[in-house]
Amino acid sequence: MSVAFRRESDDEHKEPEFELPIPVGPNLVTPRGLRLLGEEVARIEADIAAARDEEQRKKLQRRLRYFHTRQATAEVQTAPGDDVVAIGSRVTFTLNGGERRLTIVGHDEADPALGFIAFSAPLARALMGGEAGEALEYQGREDAITITATQPDPEVQA
C-alpha cells in the first residue's frame, strides 16, 4: 500500500508548540511593571486551577512559564529625575508639529494605545537621555523631536 493512503495519527501533523518568545536584552521594568507581572502570574495560576480542559491548561502553563521568567529576570528601575528622560518618565514632546505625551516603560507593561511605550521602541530610544528644551534626531531628521517637559510618571512608580 502506498504511504499516501496510510493514515497517521492527527497528533503527528500538528504544529509544535513553542515557548512564548522572550524579548532580547535586559528585562527593565518600573515598579508598576513588577506589580503587573505578579498580578498576571496570580491570575494565570487561578485560571489553571479552574481549567477543566487539558489543552487549555497546557496553554495557560505555557503563559505561566513566560511570566515566571519575566518576573524572575525583572530589573526594577529607580524613579527617574525631572531633568533627563529615562524608564518611568512621562515625556511631553512635539513630533511633526503635533504635541504628544508618552510614558517609557518595560516590554510587558507597554500599551501604546494608553501612551505607554517600551524602552526599546525606536521613539523611546530617541527620547532616552534627552532633556526638556532639547531637539533630538528621529528617523533621519536632526530636529524631528523637541522635548517640552519630562517628569517621573507617578502611575508607573506606584
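All of the points below concern the structure found in this document. The model shown is predicted, which means the values in this text are computed figures rather than measured ones.

A word on the overall build of the chain
Move 1: The secondary structure content of the chain amounts to four helices and seven strands.
Move 2: Going from N to C terminus, the chain has its helices and strands arranged as β-α-α-β-β-β-β-α-β-β-α.
Move 3: Out of the 158 residues in the chain, the part that is buried amounts to 33%.
Move 4: Carbon and sulfur atoms form 52% of the exposed surface of the chain, whose accessible area is close to 9700 Å².

A word on the nonpolar core
Move 1: Grouped together as the largest cluster of nonpolar side chains are 19 residues, with contacts concentrated most on Phe-93, Ile-104, Leu-123, Leu-127 and Ile-145.
Move 2: For this core, the secondary-structure elements that each account for two or more residues are strand E3 (89-95), strand E4 (98-105), helix H3 (122-127), strand E6 (135-138) and strand E7 (141-152).
Move 3: For this core, the element with the most residues is H3, which contributes four residues.
Move 4: Apart from the residues lying within four places of it in its own chain, the contact partners of Phe-93 are Gly-98, Glu-99, Arg-100, Leu-102, Leu-123, Leu-127, Ile-145, Thr-146, Ile-147 and Thr-148.
Move 5: One finds Ile-44, Ile-48, Ala-51 and Leu-64 within the second-largest nonpolar core, a separate group that totals ten residues.

Observations concerning the side chain of Arg-70
Move 1: Considering the arrangement of structural elements, one finds Arg-70 in helix H2 (residues 54-73).
Move 2: In this structure, Arg-70 is in contact with Ile-22, Pro-23, Asn-27, Leu-37, His-107 and Asp-108, ignoring residues within four places of it in sequence.

Considering the environment of Arg-101
Move 1: Within the secondary structure, Arg-101 is located in strand E4.
Move 2: Residues contacting Arg-101, with those up to four places away along its chain left out, are Arg-90, Val-91 and Thr-92.
Move 3: At 3.3 Å, the side chain of Arg-101 and the side chain of Thr-92 are in polar contact.

Thoughts on the pairing of E4
Move 1: Examined bridge by bridge, E3 and E4 share six bridges and lie antiparallel to one another. Looking at E4, one finds that Arg-90 is bridged to Thr-103.
Move 2: Hairpin connection between E3 and E4: a loop of two residues separates the two successive antiparallel strands, and Asn-96 in this loop has a positive phi of roughly 55°.
Move 3: Where E4 meets strand E5 (residues 116-118), three bridges bridge the pair, whose relative direction is parallel. Residue pairing across strands places Ile-104 opposite Ile-117, the latter belonging to E5.

Focus on the environment of Gly-98
Move 1: Within the secondary structure, Gly-98 sits in strand E4.
Move 2: With 47 residues separating them in the primary sequence, Gly-98 and Ile-145 have C-alpha atoms 9.9 Å apart.

The rules behind these values
- Residues numbered from 1 in each chain as written.
- Predicted model: local features only at pLDDT ≥ 70, side-chain atom pairs only at ≥ 80, totals over all residues.
- Heavy atoms only, no water.
- Helix = DSSP H or I, 4+ residues; strand = E, 2+ residues; numbered from the N terminus.
- Buried < 20%, exposed > 50% of the residue type's maximum accessible area, 1.4 Å probe, protein only.
- Areas by Shrake-Rupley, 256 points an atom, 1.4 Å probe, with all protein chains shown as cover.
- Core = buried A, V, L, I, M, F, W, Y, C linked by side-chain atoms within 4.5 Å.
- Contact = heavy atoms within 4.5 Å.
- Polar contact = N/O pair within 3.5 Å; in protein donor to acceptor, adjacent residues only side chain to side chain.
- Pairing = 2+ DSSP bridges.

None of this, on its own, says anything about what the molecule does.
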